Amino acid sequence: MQITCFRSTVSTAVLAASALAASSIVAVSEPAGPFDCLIEPSAVVELSAQAQGIVAELLVDRGDRVRKGQLVARLQDTAERANLAIAVQRAKNEAGVRLKETRLRFEDRRSERNAGLITNNIVTAKEADEIRTARDLAYWELKEAEEQAALARLQVDVAEAEVKTREVRSTVDGVVMERNRDPGESASGAYILKIAQLDPLFVETFVPVTQLPRLKPGARVEIRGESLANRVMQGTVDVVDRVADAASGMMKVRVRVANEGYGEFSGLRCSAIMLD
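Being a predicted model, the structure only gives us computed values, none of them experimental.

> Tell me about the state of the cysteines, and name the residues and values.
According to the stated counting rule, one finds one disulfide in the structure shown. A sulfur-sulfur distance of 2.0 Å marks the disulfide that ties Cys37 to Cys270. Here Cys270 lies in strand S11 (residues 269-274) and Cys37 lies in strand S1 (residues 32-47), a separation of 233 residues in the sequence. A relative accessible area of 7% means that Cys37 is categorised as buried. Residue classification places Cys270 among the buried positions, given a relative accessible area of 1%.

> Can you tell me about the sheet that holds strand S2 (residues 55-58), naming the residues and giving the values?
Here three strands make up an open sheet; going across it, the order is S2-S4-S5 and the pairing antiparallel. Two strands in the sheet have a free side with no partner beyond their single neighbour: S2 and strand S5 (167-169). Direction aside, the axes of adjacent strands within the sheet are offset by 20 degrees on average. Bridging between strand S4 (residues 71-75) and S5 involves three bridges; their strand directions are antiparallel. Residue pairing in the sheet places Ala73 in a bridge with Val168 of S5.

> So what about the pattern of salt bridges? Which residues, and what values?
Scanning all chains against the criterion turns up 20 salt bridges. Between Arg103 and Glu107 there is a salt bridge; the shortest N-O distance is 3.2 Å. Of this pair, Arg103 and Glu107 both sit in helix H3 (residues 95-119), four residues apart, which is roughly one turn of the helix. A relative accessible area of 38% places Arg103 in the partly exposed class. Between Lys143 and Glu146 there is a salt bridge, and its shortest N-O distance comes to 3.9 Å. Residue Lys143 and its partner Glu146 are both found in helix H4 (residues 125-164); the two are separated by three residues, about one turn of the helix.

> Could you give an account of helix H2 (residues 78-92), naming the residues involved and the relevant values?
In an α-helix, one turn spans 3.6 residues; hence positions three or four apart end up facing the same way. Between its first and last C-alpha, H2 extends 21 Å over 15 residues, near the 21 Å set by a 1.5 Å rise per residue. Those residues of H2 not exposed but buried are Glu80, Leu84 and Ala87. Seen along its axis, H2 keeps its buried residues to an arc of 65 degrees; they face one direction. Turned more than 90 degrees away from the buried face of H2 sit Thr78, Gln89, Arg90 and Lys92, all of them exposed. Buried-residue contacts for H2 involve H4.

What counts and how
Residues numbered from 1 in each chain as written. Predicted model: local features only at pLDDT ≥ 70, side-chain atom pairs only at ≥ 80, totals over all residues. Heavy atoms only, no water. Disulfide = S-S within 2.5 Å. Helix = DSSP H or I, 4+ residues; strand = E, 2+ residues; numbered from the N terminus. Buried < 20%, exposed > 50% of the residue type's maximum accessible area, 1.4 Å probe, protein only. Pairing = 2+ DSSP bridges. Axes fitted to C-alpha atoms, helices over the stretch in contact; angles between N-to-C directions. Salt bridge = Lys/Arg side-chain N within 4 Å of Asp/Glu carboxyl O. Expected span 1.5 Å × (residues − 1). Arc of directions from axis to C-beta. Contact = heavy atoms within 4.5 Å.

Listed below in structure tokens is the structure:
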């Protein structure tokens, strides 16, 4: 009799545990939310010039799309371009190297002509020393000229780099949010343009820690903008903060939403529903 009761108790406990597990599975598999959220650009970049100077021209305006690496602004660079032209001309000048090559060939021929005379002691030791020394000097003078030519070519790279410091290029694909400087104004101490990267969009939301089992990278999320009630976006969980807020029992979650054609807007409040 005692054995039967024990078995009955065990069976009840197993069924209760199974029911609890089943309810947990159902809870996780059903959509959760909605949770308040905010749609934001994935990056906002304030572009500045590497060098100080006066803005010469802005090549884009607010609302324009830009590509990564695109030239969007330029500082005045008259002096830098003049230095580049001088460096290029110096690098093209090969007269110094050619002159030293000619001198070395002459000294080589003179050494060959006098080799027999030196061997047979027909010329004095002083003359023989002068011939050998002249040939050595011609050799090292050529090496010096070649090094100067190499330095002149490197100077071109330096001058080109100086010109590039006067250029401002976008570091992301995106849309111009703001022009903070106009031509004629100083670029020192402030950014020139602000660029928003809109593909992908990031949706920031807070989710109860009880939803932690479903908050895995790649989990599907449905996003609805408050101002665009009929507009539904599909995203995936991208980042789950590893530190929860103890007071509210919430954790911050970032959802990634593809926006290749820039058809979706950022800066809007929204609601998020966890689908997975």
